[in-house]
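Here are the chains, one letter per residue:
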Amino acid sequence: MTKFRKLNRPTAHRMSMLRTMVSQLVKHERIETTVAKAKEIRRLADNMVTLGKEGSLCAARRAAAFVRGDDVIHKLFTELAYRYKDRAGGYTRLLRTRIRVGDAAPMAYIEFIDRENELRQSKPATPQPPQRAPMDPWTRSRLSKQFASPKEDKSSELEN
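These numbers were taken from a predicted model, which means no experiment stands behind them.

### Focus: a nonpolar patch on the surface
Step number 1: A contiguous nonpolar surface patch, about 300 Å² in accessible area, is contributed by Met135, Leu143 and Phe147.
Step number 2: Following the sequence through the fold, Phe147 ends up in the loop between α5 (137-146) and α6 (150-159).

Structural data, given as structure tokens:
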């Protein structure tokens, strides 16, 4: 069983709030909320986008059972599924913004990545390091002797 944040609410209220917030995130593609709520929304929103990418009838029914609104379901299965078809996960970004005045709660924006009007641009993919040519056994043996620790050298001298 996975761990989740209870957010100081009864189960029904918590699930209702999270369903509404995920639906609003899909609809507006960026919302501001507390950091703890944003972290929970991120888990659920990524799961909904994965269902949208799956595109089956079963996935559509599972998404419809969670999110609210036909327009949200349509957006999940058309626009967001197409946008993230090549991405394996990590569809949302969490950006901490401020401390709320009333209760000093840390606030954050949660938004979908790779969209227009992003608060921060996505990082480019890190290039793979170039492949090194395999060394021949003679060079490998010489390097291992050259960079060996002193303990190994003393033990090899005692054996000789």
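### A few points about the nonpolar core
Step number 1: Grouped together as the largest cluster of nonpolar side chains are 31 residues, with contacts concentrated most on Ile41, Met48, Val67, Leu76 and Phe112.
Step number 2: For this core, the elements supplying multiple residues, two or more each, are α1 (11-28), α2 (35-54), α3 (57-66), α4 (70-83) and β3 (106-112).
Step number 3: Per-element accounting of this core gives the leading share, 7 residues, to α2.
Step number 4: When near neighbours in sequence (up to four residues on either side) are disregarded, Val67 contacts Arg19, Val22, Ser23, Met48, Val72, Ile73 and Leu76.

### Brief notes about the packing of α2 against α4
Step number 1: Contact pair α2 / α4: the axes reach a minimum separation of 8 Å and the direction vectors enclose 90 degrees. As judged from the angle between their axes, α2 and α4 are roughly perpendicular. On α4, the residues touching Met48, Val49, Leu51, Gly52 and Lys53 of α2 are Leu76, Phe77, Leu80 and Ala81.

Parameters and conventions
- Residues numbered from 1 in each chain as written.
- Predicted model: local features only at pLDDT ≥ 70, side-chain atom pairs only at ≥ 80, totals over all residues.
- Heavy atoms only, no water.
- Patch = residues over 30% accessible without salt bridge, like charges linked within 9 Å, V, L, I, M, F, W, Y side chains within 5 Å.
- Areas by Shrake-Rupley, 256 points an atom, 1.4 Å probe, with all protein chains shown as cover.
- Salt bridge = Lys/Arg side-chain N within 4 Å of Asp/Glu carboxyl O.
- Helix = DSSP H or I, 4+ residues; strand = E, 2+ residues; numbered from the N terminus.
- Core = buried A, V, L, I, M, F, W, Y, C linked by side-chain atoms within 4.5 Å.
- Buried < 20%, exposed > 50% of the residue type's maximum accessible area, 1.4 Å probe, protein only.
- Contact = heavy atoms within 4.5 Å.
- Axes fitted to C-alpha atoms, helices over the stretch in contact; angles between N-to-C directions.
- Parallel < 35°, antiparallel > 145°, perpendicular 65-115°, else oblique.

Distances and angles like these do not, on their own, reveal function.
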